[in-house]
Amino acid sequence: MSLIHVPKVGPKSGPRLGLVVLLPALLLAGCATTDYPEAPSSIERAVIEQYIIGPGDSLQVSVRGNPDLSTGVSVRPDGQITTPLVEDVQASGQTPTELARAMEEELSRFLRDPIVTVMVTGFAGPYNRQVRVIGQAAEPQALQYREDMSVMDVMIAVGGITDFAAGNRAVIVRNENGERQQYRVRLDDLVNGGDISANVDMLPGDTLIIPERRF
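Attention in this report is confined to the structure presented alongside it. (Residues numbered from 1 in each chain as written. Predicted model: local features only at pLDDT ≥ 70, side-chain atom pairs only at ≥ 80, totals over all residues. Heavy atoms only, no water.)

**A closer look at the overall build of the protein chain**
Secondary structure summary: the protein chain contains 4 helices and 10 strands in total. Put simply, the protein chain runs from its N terminus to its C terminus through helices and strands in the order α-β-β-β-β-α-β-β-β-α-β-β-α-β. For the protein chain, the residues scored as buried account for 41% of the 215 residues in total. Look at the contacts in the protein chain between residues 6 or more apart in sequence, and 57% of them connect residues 24 or more apart. In the form shown here, the protein chain has an accessible surface area of approximately 12200 Å², with 51% of it arising from carbon and sulfur atoms. (Helix = DSSP H or I, 4+ residues; strand = E, 2+ residues; numbered from the N terminus. Buried < 20%, exposed > 50% of the residue type's maximum accessible area, 1.4 Å probe, protein only. Contact = heavy atoms within 4.5 Å. Areas by Shrake-Rupley, 256 points an atom, 1.4 Å probe, with all protein chains shown as cover.)

And the structure:
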């Protein structure tokens, strides 16, 4: 099994420490998949009605008639942003329209009838709407879920699997009704064999674990 590099943690790094413990456990779970059922080929798809801003998103905040107050910002890990005249506004968890209205309320202390537009220029999204890929992917990463996303879409986004991957022992970890379920996925058949029947739907919050091949 390959090692995963995890940044050093300090006494105030509780969430990161949890990640250090969780990742090896998830990878071990992906190494013994014979008892897991295959992932359902089709599921009730998640409908994303409106985009919700999350930490890491890039935003363009425009104030009509005030170019000096218009700026591009990134949403901080605490979910807030800072713009000229407005400090520490909660952005995470809101739609762009909701954030624009909140910015207008803040700016109304300095301007008469401000009109604000918020555009998302870089997407990360809330953590519970991401799809995480760990293990023997070419580029393991967290992806923003897109409507109708399938495991094939995920493989394209992460550049496929490595030569050391046990693709047919890959596992999707999914939260269903508050319980963690695990499903086997045949990535070798899909990516290297072109078997389209191995393509399955993904859901927001899914974790795809790709274990290393045993030699």
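**Comments concerning the pattern of salt bridges**
Enumeration according to the criterion identifies 7 salt bridges in this entry. Glutamate 104 is paired through a salt bridge with arginine 101; the nearest N and O atoms lie 2.8 Å apart. On the criterion of helical spacing, the pair formed by glutamate 104 and arginine 101 is a turn pair, its members being 3 residues apart in helix α2 (residues 96-107). Glutamate 104 gets classed as buried once you look at its relative accessible area, which sits at 16%. (Salt bridge = Lys/Arg side-chain N within 4 Å of Asp/Glu carboxyl O.)

**Regarding the environment of glutamate 147**
For glutamate 147, the position within the fold is in the loop between β7 (141-144) and α3 (151-158). As for glutamate 147 and glutamate 49, which are separated by 98 residues in sequence, their C-alpha atoms are 9.4 Å apart.

**Quick look at the nonpolar core**
Formed by 24 residues in total, the largest nonpolar core has its most connected members in Val154, Val185, Leu187, Leu208 and Ile210. When residues of this core are assigned to their parent elements, the largest contribution, 4 residues, is made by α3. In this structure, Tyr51, Ala91, Val116 and Val120 belong to the second largest nonpolar core, which totals 19 residues. (Core = buried A, V, L, I, M, F, W, Y, C linked by side-chain atoms within 4.5 Å.)

**Quick word on the packing of aromatic side chains**
Think of a pair of aromatic rings as described by two things: how far the centres are apart, and how the planes are tilted against each other in angle. All told, the structure shown has 1 aromatic pair when counted by the stated rule. An angle of 90° between the planes, with centres 5.1 Å apart, marks the rings of tyrosine 51 and phenylalanine 123 as edge-to-face. Of this pair, tyrosine 51 sits in the loop between α1 (14-29) and β1 (58-63) while phenylalanine 123 is found in the loop between β5 (116-122) and β6 (130-135), placing the two residues 72 residues apart along the sequence. (Phe/Tyr/Trp six-rings, centres within 6.5 Å; stacked < 30°, edge-to-face > 60°.)

**Focus on unusual backbone geometry**
Among all residues except glycine, the phi angle is most often negative; among peptide bonds, the trans geometry is most common. Positive phi outside glycine occurs at aspartate 113, with the angle close to 50°. Tracing the sequence through the fold places aspartate 113 in the loop between α2 and β5. Phi at asparagine 177 is positive, roughly 55°, even though this residue is not glycine. With respect to the secondary-structure elements, asparagine 177 resides in the loop between β8 (170-176) and β9 (179-185).

**Here's the deal with the environment of valine 116**
Assignment of secondary structure puts valine 116 in strand β5. With 55 residues separating them along the chain, valine 116 and valine 61 place their C-alpha atoms 7.0 Å apart. Leave out the neighbours within four places in its chain, and valine 116 touches Val61, Ser62, Val63, Ala100, Arg101, Met103, Glu104 and Leu107.

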